[in-house]
2 protein chains.
Amino acid sequence: MGETPVIAVVTAAEESWPPGLQPLESEARLLLCNDRDSLQRHLPEADILMVADFRTDLLEDVWPGEHRLRWIHATSAGVDALMIPPIRDSNIPVTNARGVFDRPIAEFVLGQILNFAKDFQNSFRYQQQHEWRHRDTERIEGKQVLVVGAGSIGRQIARLLRAAGLKVDGIARSARDSDPDFGRVHASGSLLRQLPEADYVVIAAPLTDDTRGLFGPEAFDAMREDARLINIGRGPIVQTDALVAALKAGRIAGAALDVFEQEPLPANHPLWDQPNVIISAHMAGDVVGWRKTLTEQFIENFRRWKSGGKLHNVVDKARGYVPPA
Amino acid sequence: MGETPVIAVVTAAEESWPPGLQPLESEARLLLCNDRDSLQRHLPEADILMVADFRTDLLEDVWPGEHRLRWIHATSAGVDALMIPPIRDSNIPVTNARGVFDRPIAEFVLGQILNFAKDFQNSFRYQQQHEWRHRDTERIEGKQVLVVGAGSIGRQIARLLRAAGLKVDGIARSARDSDPDFGRVHASGSLLRQLPEADYVVIAAPLTDDTRGLFGPEAFDAMREDARLINIGRGPIVQTDALVAALKAGRIAGAALDVFEQEPLPANHPLWDQPNVIISAHMAGDVVGWRKTLTEQFIENFRRWKSGGKLHNVVDKARGYVPPA
């Protein structure tokens, strides 16, 4: 102790510092890693890694033989990019941005449900054509939602949707008889049995070995033809080709997708023009000021760490997410 | 009594019977009035008028010198088209569809707020161009809403928006210190003082002499530059030219409009292409099955009337709407 800790800050290629780090300048030495070279150079001298690029695949490539890392923090909810063997199999604690995105994402999900129910996309299409076209729309009240993933994001989604009059069940590792946020929580093994009950299926799970490819042909066959899928979790939880096939065949009624197997979604991908598909650019949780909020959360945890306190939001690396308290 | 009552059913030009009237066929004689001639012919023999065309301007033209009308029902929330002198100045009771549209319209308003906050229209625009474009969006939590009109629709809007985490004040005829649905209710005379407080201004008022043209240059000057207007009430409450000018000058940030001074909105109207304007075809309250629900509500009231009971949802013709209980 007493020595000034070194923090390597990993951002996307050519990005500058995340906003809000100034308060740390007197408490730590900050090293910007925004390309392969800088990461390779700085990683061996870092005590702490702050990973602000949730897609990074550089870490595994440049992982040093010797390091002095004592803590890794991801300024994202998903830590899938960090679950590489040298980190997963180490005893370096990994923390994440649990909480920051919960409410914005819940609002986004409610918005997409209303987007479908009130047919806003077609209203906008008719508006572009200066066409006055009355349609009957749908209620959201009383509709059944199945949220896959009962972590902090899934719970916030459940709370907001229930407040808005929808019925919400959850899928988690294990079933629970009573739950403060969900109507019922079913075990992940019963996913295919629960899917036919849902008007809306929301993927709010982390990307792990258990969830990768979870939504394939079987899941889309189990969903109702009038059901919609909303994915604000991670792209690879959905088998994209199976989703496109299910949409084309009318086996499900629509999909609102904020995350994709490949991001950015390639310009020639069939999803862009698929009717009843709503696409956004991995932004569901990103409300004005989000980057600064993420830095503030890191600084709070840094001060806990520095004073020998207990880190918040520590990921269970065997599971790949922060387990419930 | 004992005689079979005659019900003239007024629909829009060339429209057929509203759905769901079959149960009345044994209890009443039904006459379809779907053009000027049939209305003129049937009006003098009708005991009851069921007006399913909320835009009708035929009634005043063909009003008979002698009639036997004992009740007029509008299958709409707004009864402005019925407030013609021979009806307003008579003692024929007028009832409306109070209640049926409340929850669907509240959902629609919440949807439009999320539409703005989450920038869905631009997401759809980028999707059409196959363009991956991340943007920061807005929270709805904690935003301030001013609902102009504290009738059953305005109250349902307040309840749903508050459940979703927004703060909601109302504008009514008279101020109230405590209110079960609104944060605070201000008197209509304080509209211009309340407008600067609001992130979203929702018009849910009936069209009356007091509300016609209420939103003109002064109101738009009073609103904040980052505020959005949502009109699900009646088009003529807004001075359209003043609205277009305010939008063009950036004096307000946007408008979601479901109702217009002229409906259908003419194909060459500047509103269609105005940025930050969301247009829909007077459909905010029309969820699947709405026409049948309206008929069922009429039949319930008809049976009350026939058995000598008290009609529900009787309009105060001096005010132009159903007053609070």
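Bear in mind that the values here come from a model prediction, so they are computed numbers and not experimental data.

Per-residue pLDDT for chain A has a mean of 97; in total, 99% of the residues score no lower than 70. Among the prediction metrics, the complex's ipTM stands at 0.97, with pTM recorded as 0.97.

Attention now moves to the domain arrangement of chain A. All names here are of chain A. Assigned domains within chain A: domain 1 (6-99 + 288-306) and domain 2 (102-279). Spacing between the C-alpha centres of domain 1 and domain 2 amounts to 31 Å. Interface area for domain 1 against domain 2, summed over the two sides, is near 610 Å², with a carbon-plus-sulfur share of 41%. Three residues stand out in domain 1 for area buried against domain 2, namely Arg 55, Asp 80 and Gly 99, and they jointly supply 60% of the buried area on that side. Between Asp 80 and Arg 234 there is a salt bridge, and its shortest N-O distance comes to 2.7 Å.

Successive side chains on a regular strand alternate, one facing one side of the sheet and the next facing the other. Residues and elements named next belong to chain A. Where burial is concerned, most of strand β6 (residues 144-148) is hidden: five out of the five residues are buried. Burial along β6 is two-sided: the face carrying Gln 144, Leu 146 and Val 148 and the face carrying Val 145 and Val 147 are both buried. In this sheet, strand β7 (residues 167-172) lies alongside β6 in parallel orientation, the contact comprising five bridges. Note on β7: the bridge partner recorded for Val 147 is Gly 170. With helix α6 (residues 152-163) bridging β6 and its parallel neighbour β7, the resulting β-α-β unit is right-handed. For β6 and strand β9 (residues 200-203), the ladder comprises four bridges, and the chain directions are parallel. Bridging from a neighbouring strand, Val 148 pairs with Ile 203 of β9.

Here we take up the environment of B:Val315. Residues and elements named next belong to chain B. Checked against the element boundaries, Val 315 lands in the segment after α10 (290-306). With 236 residues separating them in the primary sequence, Val 315 and Val 79 have C-alpha atoms 8.3 Å apart. In contact with Val 315, other than residues within four places in its own chain, are Val 79, Val 94, Thr 95, Asn 96, Gly 320, Tyr 321 and Val 322.

Residues and elements named next belong to chain A. Omega for the peptide link from Glu 263 to Pro 264 comes to -10 degrees, which places this bond in the cis form. Relative to the helices and strands, Pro 264 resides in the loop between β11 (254-257) and β12 (277-279). Phi is positive for Asp 119, which is not a glycine, with a value near 60 degrees. Turning to its location among the elements, Asp 119 is positioned in the loop between α4 (102-117) and α5 (120-128).

Overall, the coordinates contain 17 aromatic pairs over all chains when judged by the stated rule. Where A:Phe108 meets B:Phe120, the ring centres are 5.6 Å apart and the plane angle is 70 degrees; that geometry is what we call edge-to-face. A residue pair is termed interchain when its members come from two chains, as with A:Phe108 in helix α4 and B:Phe120 in helix α5 (residues 120-128). Classification of B:Phe120 by relative accessible area gives buried; the value is 5%. Summarising the aromatic geometry, the rings of A:Phe298 and A:Phe302 are spaced 6.4 Å apart at their centres and angled 35 degrees between planes, so their arrangement reads as tilted.

Inside soluble globular proteins, nonpolar side chains tend to come together where they are buried. A:Ile157, A:Ile232, B:Leu110, B:Ile157 and B:Ile232 are the most contacted members of the largest nonpolar core, which has 76 residues in total. Apart from residues lying up to four places away in sequence, B:Ile232 is in contact with B:Ile105, B:Phe108, B:Val109, B:Ile153, B:Ile157, B:Val202, B:Ile203, B:Ala204, B:Asp258, B:Val259 and B:Ala284.

Right, let's talk about the interface of chain A and chain B for a bit. Facing 57 residues of chain A, the contacting portion of chain B comprises 57 residues. The three residues of chain A that bury the most area against chain B are A:Gln127, A:His130 and A:Trp132, which together make up 17% of that side's buried surface. Run the count over chain A and chain B and you get four salt bridges. Close ionic contact of A:Arg103 with B:Glu141 constitutes a salt bridge, the shortest N to O distance being 3.8 Å. Counting residues per element, the ones that place at least two in the side of chain A that touches chain B are α4, α5, α6, β12 and α10 (290-306) of chain A. Of the residues that constitute the side of chain A that touches chain B, the class distribution is 27 nonpolar, 13 polar and 17 charged.

Let us now look at the relation of the copies chain A and chain B. Between the two copies of the chain lies a rotation about an axis combined with a shift along it. Structural alignment of chain A on chain B gives an RMSD of 0.0 Å, achieved by rotating through 180 degrees and translating 0.0 Å along the axis. Taken together, the rotation and translation relating the two chain copies correspond to the operation of a two-fold axis. Comparing interface residues between copies, 100% of those in chain A also lie at the interface in chain B; the contact surface is shared.

Criteria and cut-off values
- Residues numbered from 1 in each chain as written.
- Chains lettered and ligands numbered in written order.
- Predicted model: local features only at pLDDT ≥ 70, side-chain atom pairs only at ≥ 80, totals over all residues.
- Heavy atoms only, no water.
- pLDDT = per-residue confidence, 0-100.
- Domains from an automatic or database assignment.
- Buried area = accessible area lost by both parts, 1.4 Å probe.
- Salt bridge = Lys/Arg side-chain N within 4 Å of Asp/Glu carboxyl O.
- Buried < 20%, exposed > 50% of the residue type's maximum accessible area, 1.4 Å probe, protein only.
- Helix = DSSP H or I, 4+ residues; strand = E, 2+ residues; numbered from the N terminus.
- Pairing = 2+ DSSP bridges.
- Right-handed = clockwise from strand over helix to strand, strands pointing away.
- Contact = heavy atoms within 4.5 Å.
- Phe/Tyr/Trp six-rings, centres within 6.5 Å; stacked < 30°, edge-to-face > 60°.
- Core = buried A, V, L, I, M, F, W, Y, C linked by side-chain atoms within 4.5 Å.
- Nonpolar A, V, L, I, M, F, W, Y, C, P; charged D, E, K, R; others polar.
- Least-squares fit on C-alpha atoms with pLDDT ≥ 70 in both.

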